[in-house]
Amino acid sequence: MAGGLTSPPIRRSSPRWSLESDNVDQIDTARRSRQMWIEAAFVGPPLRTGRGGRRRATTAQMLNHGIAHELMDEVERVSKAHYANCREEKFKEFARRTLEAGEKGADVKGIDWESTFFVRHRPVSNLADLPDVDDHYSYCNQRQVMKQFASEIEKLSERVLDLLCENLGLEKGYLKKAFAGSNGPTFGTKVSSYPPCPRPDLVDGLRAHTDAGGIILLFQDDQVSGLQLLKDGEWVDVPPMRHAIVANIGDQLEVITNGRYKSVMHRVLTRPDGNRMSIASFYNPGADAVIFPAPALAAAEAERADAAAAAYPRFVFEDYMNLYVRHKFEAKEPRFEAMKSAAEVVHAAPIATA
Ligand SMILES: O=C(O)CCC(=O)C(=O)O
Ligand SMILES: [Fe+2]
């Protein structure tokens, strides 16, 4: 038997979408239409219904998402065991050096206090090649667990994309197709630990940024907090909630939805107690996917007198990523502007005739 996941069978809750948080109004799914609920779920704190459903901040806590709680518990267990067995010693050395430098007055604000590894699932999985992912313990088959979890998260990501399509009046499958490129989407999972830090004033767990890609589904620690998002100029906590999945929207969805859904700045704080686990799965466009505002949304926007049509650029996702890696911890707007200028340069270049 391939580890603890195959027995007992995983109970599957039917997906009823709901949202709860200290910062977000609770949605009574029985009293609202599904459409309204979807709108509300992506508003982010505090709840704003806004006329016409435009300009949404975009982080939501999803409960009743359909992923079995037993599977989530197993993912948490193997991830924490992996950190303790394979990564903790190395992190301690990094922590010692970082603190020593910080306390001597060096600026360590450019360092993230996290221990992570990345599992790529699509287009080609690297799971079998990760050197220290443990699959030798029968009770702790991490590769198997991660594979099963990733497959559930991938399906959930695509369901969320379709809910967004429905919400935006786009045809079902539009966003999935927009991400496909020639080789399908890029999909991967970042497994992170944010160990306790005795000097939270010196260093962040992860510096503020927006995510570059499409939809990001995050399974975060249900005890140890740290994730915050920037809302109306203030940092607000995304509180730990057992078995919830946090959904976050990346820059590409902002472009494709022509700003109807905005990527949101977020960061992870350090804290002196508790080791925070986070498992973030990134459902992103394929490298060669061409990203641009959905024509239907750009046209609707153009009808408004105060809005310039096609305010967002058109570009190849890989080009955006090449820029993003150098400017991740900066505002997104200059990245969008740079992609616009790059497109102008391409268009203005003389056409080779020889
Ligand atoms: O760990 C978290 O809660 C957030 C991680 C994150 O924002 C990222 O990896 O992009
Ligand atoms: Fe992020």
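Residues numbered from 1 in each chain as written. Chains lettered and ligands numbered in written order. Predicted model: local features only at pLDDT ≥ 70, side-chain atom pairs only at ≥ 80, totals over all residues. Heavy atoms only, no water.

The protein is annotated in an unreviewed UniProt entry as 1-aminocyclopropane-1-carboxylate oxidase from Oryza glaberrima. Recorded in UniProt under Sequence similarities (unreviewed entry), the annotation for the protein is "Belongs to the iron/ascorbate-dependent oxidoreductase family." (UniProt positions renumbered as here; feature names shortened; annotations may be inferred.)

## Some details on the packing of aromatic side chains
Summed over all chains, the structure comprises eleven aromatic pairs. Between Phe 149 and Phe 219, the ring centres sit 5.9 Å apart and the planes meet at 50°, which makes this aromatic pair tilted. Separated by 70 residues along the polypeptide, Phe 149 in helix α3 (residues 142–168) and Phe 219 in strand β5 (residues 215–220) bring together distant segments of the chain. Per residue, the accessibility class of Phe 149 equals that of Phe 219, and both read buried. The ring of Phe 329 has Arg 207 sitting right over it, with the charged end atom 3.8 Å from the ring centre. When the ring centre of Phe 292 is taken as reference, the NZ or CZ atom of Arg 314 above it lies at 4.4 Å. (Phe/Tyr/Trp six-rings, centres within 6.5 Å; stacked < 30°, edge-to-face > 60°. Helix = DSSP H or I, 4+ residues; strand = E, 2+ residues; numbered from the N terminus. Buried < 20%, exposed > 50% of the residue type's maximum accessible area, 1.4 Å probe, protein only. Lys NZ or Arg CZ within 6 Å of the ring centre and 35° of its normal.)

## A closer look at the coordination of the iron ion (ligand 2)
On the protein side, the iron ion (ligand 2) has His 209 (NE2), Asp 211 (OD) and His 266 (NE2) as donor atoms, found 2.1 to 2.2 Å from it. Within one chain, the residues serving as donors to the iron ion (ligand 2) are arranged as H-x1-D-x54-H. Assigned by exposure class, His 209 and Asp 211 land together as buried. (Donors = N, O, S within 2.8 Å, 3.2 Å for Na, K, Ca; no water.)

## Topic: the pairing of strand β6 (residues 227–231)
Burial analysis of β6 places four of its five residues in the buried class, which makes it a mostly covered element. One ladder, built from three bridges, connects β6 with strand β9 (residues 266–268); its direction is antiparallel. Bridge pairing in β9 places Gln 228 opposite Arg 267. As judged from the four bridges shared by β6 and strand β7 (residues 234–237), these two strands associate in the antiparallel manner. Residue pairing for β7: Lys 231 is matched across the bridge by Glu 234. Counted along the chain from β6 to the antiparallel partner β7, the turn is two residues long, and its residue Asp 232 has a positive phi close to 50°. (Pairing = 2+ DSSP bridges.)

## Things to note about the packing of helix α2 (residues 69–103) against α3
At a minimum axis distance of 10 Å, the contact between α2 and α3 shows a crossing angle of 135°. Judged on the interaxial angle alone, α3 and α2 are oblique. Seen along the crossing, α2 lies across α3 with a hand that is left-handed. Where α2 abuts α3, its residues Leu 71, Met 72, Glu 74, Val 75, Val 78, Ser 79 and His 82 lie against Gln 142, Val 145, Met 146, Gln 148, Phe 149 and Glu 152. Along the lines of polarity and charge, the residues of the contact of α2 with α3 split into seven nonpolar, four polar and two charged. (Axes fitted to C-alpha atoms, helices over the stretch in contact; angles between N-to-C directions. Parallel < 35°, antiparallel > 145°, perpendicular 65-115°, else oblique. Left-handed = near helix turned anticlockwise from the far one by under 90°. Contact = heavy atoms within 4.5 Å. Nonpolar A, V, L, I, M, F, W, Y, C, P; charged D, E, K, R; others polar.)

## Side note on the environment of His 65
Relative to the helices and strands, His 65 is located in the loop between β1 (59–62) and α2. Judged by relative accessible area, which is 2%, His 65 ranks as buried. Counting along the chain gives 95 residues from His 65 to Val 160, while the straight-line C-alpha distance between them is 9.9 Å. At a separation of 3.1 Å, a polar atom in the side chain of His 65 contacts the main-chain amide nitrogen of Ile 67. (Polar contact = N/O pair within 3.5 Å; in protein donor to acceptor, adjacent residues only side chain to side chain.)

## Some points on the sheet that holds strand β2 (residues 115–122)
Overall, antiparallel pairing links the six strands, which are arranged β1-β8-β5-β10-β3-β2 in an open sheet. The sheet is open, and its two borders are formed by β1 and β2, each paired with just one other strand. Going from strand to strand, the sheet's axes swing by 20° on average, the running direction of each strand aside.

## With respect to the site of ligand 1
Taken together, Lys 190, Tyr 194, Leu 206, His 209, Asp 211, Leu 218, Leu 227, His 266, Val 268, Arg 276, Ser 278 and Phe 282 make up all the residues around ligand 1. For ligand 1, an oxygen atom lies 3.1 Å from a polar atom in the side chain of Asp 211. Here ligand 1, which alone exposes 290 Å², has 96% of that area covered by the protein. When each cavity is represented as a set of grid points, ligand 1 is found to reside in the largest pocket. Of all the secondary structure elements, the ones that give two or more residues to the shell around ligand 1 are β3 (186–194), β4 (206–209), β9 and β10 (276–284). For the shell around ligand 1, the element with the highest residue contribution is β10, accounting for three residues. Residues of the shell around ligand 1, tallied by class, amount to six nonpolar, three polar and three charged. (Near = heavy atom within 4 Å. Areas by Shrake-Rupley, 256 points an atom, 1.4 Å probe, with all protein chains shown as cover. 1 Å grid on protein atoms, 1.4 Å probe; cavity = no way out; pocket = protein on both sides within 12 Å on 5 of 7 lines; lining within 4 Å. Sits in = over half its atoms within 2 Å of the grid points.)

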